[in-house]
Amino acid sequence: MFNVSRMEQYEIQLLTVEQSLSASQNESERLELLALKENLIELIALTQFSKDEEQPCENSRKKNEIDEEFKQFMNEMQEIDDGLKKLKEGYQNMVGEKCSAPHKHAWGAVEYHNAIICSIEKEAPIDVDGNVDVKFRILFTNPTHKEMLPCSYFLEGECRFDSENCHYSHGEVVSASALREYTEPDFSRLSRNCVVLAKMEDGLWQRGRVLCANFVEKECRVRLDNAKREHKEQDLKFENLLPIYEDDTSSDDADSDAGDTSQFYDSYISLNNALTYELSQPLGAWEKHTRGIGSKIMAKMGYIYGSGLGTNGRGIITPVSALILPPGRSLDHCMDLREAANGDKDLFDAEKKMEREQKKQLAMSAKVCEKAAKRVDVFSFINDNVLALPTPKGKSAIPKKSLQSHTSKSLNVESVKVADDIRRKEREILEVEKSLKRNADEKSEICCRLKQKLEAKKIELNVLKEEQKCLSKEQSTRKTKEKLCIF
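Conventions adopted
- Residues numbered from 1 in each chain as written.
- Predicted model: local features only at pLDDT ≥ 70, side-chain atom pairs only at ≥ 80, totals over all residues.
- Heavy atoms only, no water.
- UniProt positions renumbered as here; feature names shortened; annotations may be inferred.
- Helix = DSSP H or I, 4+ residues; strand = E, 2+ residues; numbered from the N terminus.
- Buried < 20%, exposed > 50% of the residue type's maximum accessible area, 1.4 Å probe, protein only.
- Contact = heavy atoms within 4.5 Å.
- Areas by Shrake-Rupley, 256 points an atom, 1.4 Å probe, with all protein chains shown as cover.
- Expected span 1.5 Å × (residues − 1).
- Polar contact = N/O pair within 3.5 Å; in protein donor to acceptor, adjacent residues only side chain to side chain.
- Phe/Tyr/Trp six-rings, centres within 6.5 Å; stacked < 30°, edge-to-face > 60°.
- Lys NZ or Arg CZ within 6 Å of the ring centre and 35° of its normal.
- Pairing = 2+ DSSP bridges.
- Axes fitted to C-alpha atoms, helices over the stretch in contact; angles between N-to-C directions.
- Patch = residues over 30% accessible without salt bridge, like charges linked within 9 Å, V, L, I, M, F, W, Y side chains within 5 Å.
- Salt bridge = Lys/Arg side-chain N within 4 Å of Asp/Glu carboxyl O.

- Per an unreviewed UniProt entry, the protein is named Zinc finger CCCH-type with G patch domain-containing protein, and its organism is Musca domestica.
- The protein has a UniProt comment under Subcellular location (unreviewed entry) that states "Nucleus".
- UniProt's Function (unreviewed entry) comment on the protein is quoted here verbatim: "Transcription repressor."

Laid out in C-alpha cells, this is it:
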C-alpha cells in the first residue's frame with residue numbers, strides 16, 4: 001500500500017511538471033522542468049521495478065499461510081475423527097444393555113420405562129459448544145400401550161410399513177443424555193397390596209395389586225385394575241411381574257430437591273392414569289343419537305379415551321354422575337332413604353333412574369300387547385268362525401257323491417282350478433311370511449295379526465290340497481274302471 005501511494009504521488013508530480021512545461025516560455029525554466037521530468041520518469045520506473053520484485057514474495061507468503069491453516073485444519077479434523085471413533089467405540093459397548101428410557105405419549109405426558117438398547121444412529125449432530133449428541137434406538141421391555149409394543153415383523157425384517165405407518169414400534173430414537181440407569185426389580189419386597197405391572201397375553205403390561213405371594217413357587221395372585229370380572233384375579237410368575245414402589249426415588253438420596261420429587265410424582269400419577277381403564281359406565285353413550293361433537297372436540301384437544309383429564313392425566317377418569325333427589329325433601333330424608341335401600345349408591349343416579357323407568361315402560365307395553373292379543377273383536381270373530389273354511393278331519397272337503405255326478409271333463413277342469421288356487425295360496429303365504437320377518441317384534445299387535453293370518457292361510461292351503469287329493473283319487477278310480485270294462 002505504501003508503494004502504491006508513492007507511485008500515485010510520483011505520477012501526480014509528473015503530470016504537474018508536464019503542465020508547467022507546456023505553459024512555461026522561459027528557456028532556463030524549461031530546461032529545469034525537463035531535467036525534473038526525466039528524474040521523475042526514472043524514479044517511477046525504479047519504483048515499479050521494486051514493486052514487481054515484492055509481489056512474488058507476498059504471494060509466496062500468503063500461500064505459506066494458507067498451507068499452514070489447511071494443515072492445522074486437517075490436524076483438527078483428524079483429532080475430531082479420532083475422538084468420534086473412541087466415543088463410538090465406547091457407546092457401541094452399550095448396545096444390548098438395559099436402561100430406563102423416556103416415552104412421550106400422544107397426549108403429551110412423558111414417562112420413563114424399562115428398555116433395551118438396540119443400535120446407535122449413524123447421524124450424531126454436534127452443537128455450537130462441540131458436544132456430540134449421540135442417538136440410540138431402543139425397544140421397551142415393559143410396554144403399557146400398543147404404540148410401545150415391538151413389531152414382530154420388524155424384528156424379523158419383514159415389516160411392510162415404515163415406523164410412521166406401522167401400528168407397532170420399530171424402535172424409539174432417544175438421546176444418550178436422556179437415558180437413565182436400569183433398576184433391577186426387587187421381588188423380595190413383594191407383599192399384599194404391592195403395586196405391580198403384569199404381563200398379559202397380548203404382550204401389554206397392565207397395572208394391578210398383589211393379593212398374595214408364594215416365594216416357594218415364585219408366583220403371585222394379582223388383582224388387575226382394568227380386567228373383566230372373569231379375568232380380574234390371575235396367578236402369574238415372578239418373571240411376568242414388575243414391582244412398582246413409591247419410595248424408590250427417596251430411599252438413597254434424602255437431600256434431593258423438590259423438583260425431582262414433583263417430577264417423580266407426576267410420572268407416577270401419569271403412569272397410573274395412562275394405563276387403559278375399563279370404565280364402569282360408557283362414556284358419552286348418548287352420542288350415538290347425535291353427531292358426537294363433544295368427543296371430537298376433546299380428541300382434538302389431546303384427550304385419550306380411558307385416561308384422566310388434564311395435561312398430565314391427573315384428572316378424573318369416570319364422569320360425574322347426575323343425581324335426582326326427591327323434590328321438597330331434606331338431605332337427612334334422602335340419607336334415610338339410602339340407608340333403607342342398604343346403602344345403594346345408584347338410588348338417586350339419574351341414568352339408573354331412567355333405566356328403571358325404561359324397564360317399567362317396557363313391562364307395561366308387554367302387558368298391553370298380551371291383552372291386545374287375547375282380545376277378540378267383531379271382525380276377528382267373523383273371519384275366524386263365519387268366513388273361514390273349516391278343515392274336516394278324516395273326510396274330504398268335497399262329498400264323494402258330488403264327485404261321482406261330475407263328468408271326467410269337469411273333473412279335469414276342477415283339478416286345474418284347484419292347482420291354480422294352491423299356487424296362489426302359496427304365494428300369499430310367502431308374502432305374509434315376509435311381512436312377519438319385517439315385523440319381528442312378538443309383542444306388537446301387527447305381529448300377532450300376521451301370525452293369525454298366516455295360520456288361516458295355511459288352513460286354506462291344506463283344504464285345497466285335500467280337494468286336489470280327492471279329485472286325483474276319483475280320476476284314478478275312473479281310469480281303473482275303464483280298463484276293467486275293456487278287459
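Having seen the structure, we can now continue with the description.
## Considering the overall build of the protein
Argument step 1. If you tally the helices and strands in the protein, you get 11 helices and 9 strands.
Argument step 2. Looking at the protein residue by residue over its 487 residues, the buried ones come to 25%.
Argument step 3. Contacts in the protein between residues at least 24 apart in sequence constitute 54% of all its contacts with a sequence separation of at least 6.
Argument step 4. For the protein, the exposed surface amounts to about 35,800 Å²; the carbon and sulfur share of it is 54%.

## A word on helix α10 (residues 408-438)
Argument step 1. For α10, which comprises 31 residues, the first-to-last C-alpha distance of 46 Å matches the rise-based estimate of 45 Å (1.5 Å per residue) to within 8%.
Argument step 2. For α10, the set of buried residues is L411, S415, V418, A419, I422, K425, I429, V432, S435 and L436.

## Observations regarding the side chain of H113
Argument step 1. In this structure, H113 sits in strand β2 (residues 110-120).
Argument step 2. For H113, a relative accessible area of 6% puts it in the buried group.
Argument step 3. Of note is the side chain of H113, whose polar atom sits 2.9 Å from the side chain of E111.

## Describing the packing of aromatic side chains
Argument step 1. Under the criterion given, the structure shown has 2 aromatic pairs.
Argument step 2. Judged by centre distance (5.5 Å) and plane angle (10°), the ring pair of F187 and F238 falls under stacked. Of this pair, F187 sits in the loop between β4 (172-175) and β5 (195-199) while F238 sits in the loop between β8 (233-237) and β9 (241-244), and the two are 51 residues apart along the sequence.
Argument step 3. Residue F187 is classed as partly exposed on the basis of its relative accessible area of 23%.
Argument step 4. An angle of 75° between the planes, with centres 5.8 Å apart, marks the rings of F215 and F238 as edge-to-face. Pair noted here: F215 is in the loop between β6 (205-214) and β7 (219-224) and F238 is in the loop between β8 and β9, with a separation of 23 residues, a long-range link.
Argument step 5. Of the aromatic side chains, those joined through ring pairs into one cluster are F187, F215 and F238.
Argument step 6. The side chain of R180 reaches across the aromatic face of Y112, ending 3.7 Å from its centre.

## What to know about the sheet that holds β6
Argument step 1. Read from one edge to the other, the open sheet built from 5 strands follows the order β8-β7-β6-β5-β9, with strand pairing classed as antiparallel. Sheet topology places β8 and β9 at the edges, where each strand pairs with a single neighbour. Recorded for the sheet is a direction-independent mean angle of 45° between the axes of neighbouring strands.
Argument step 2. Of the pairings in the sheet, the one linking β5 to β9 comprises 4 bridges and is antiparallel in character. Among the inter-strand pairings, A198 is bridged to a residue of β9, identified as L241.

## Re the UniProt feature "domain: C3H1-type" (unreviewed entry) in the protein
Argument step 1. Sites flagged by UniProt as "domain: C3H1-type" (unreviewed entry) map to residues 150-173.
Argument step 2. Between the end C-alpha atoms of residues 150-173 the distance is 13 Å, and the span holds 17% helix and 8% strand.

## A closer look at a nonpolar patch on the surface
Argument step 1. A cluster of nonpolar residues, F70, F73, M74, M77 and I80, forms a patch on the protein surface that exposes about 480 Å² of accessible area.
Argument step 2. With respect to the helices and strands, the residue F70 is situated in helix α2 (residues 27-92).

## Considerations on the pairing of β2
Argument step 1. Sheet topology note: the strand β1 (residues 98-104)/β2 ladder contains 7 bridges and is antiparallel. Bridge pairing links S100 to N114 in β2.
Argument step 2. Hairpin remark: β1 followed by β2, antiparallel, with 5 residues in the connecting loop; positive phi at G108, about 105°.
Argument step 3. Judged from the 5 bridges that link them, β2 and strand β3 (residues 135-140) form a sheet pairing that is antiparallel.

## Details of the sheet that holds β4
Argument step 1. Taken together, the 4 strands give an open sheet; going across it, the order is β1-β2-β3-β4, and neighbouring strands pair in antiparallel fashion. In the strand order of this sheet, the two ends are held by β1 and β4, each with one partner. Along the sheet, successive strands turn relative to each other by an average axial angle of 60°, direction set aside.
Argument step 2. Where β3 and β4 come together, 4 bridges link them in antiparallel fashion. Residue pairing for β4: F136 is matched across the bridge by V174.

## Examining unusual backbone geometry
Argument step 1. Even without being glycine, N193 reaches a positive phi, approximately 70°.
Argument step 2. In this fold, N193 is placed in the loop between β4 and β5.
Argument step 3. On the basis of relative accessible area, N193 is assigned to the partly exposed category, the value being 48%.
Argument step 4. For K218, which is not a glycine, the phi torsion comes out positive at approximately 55°.

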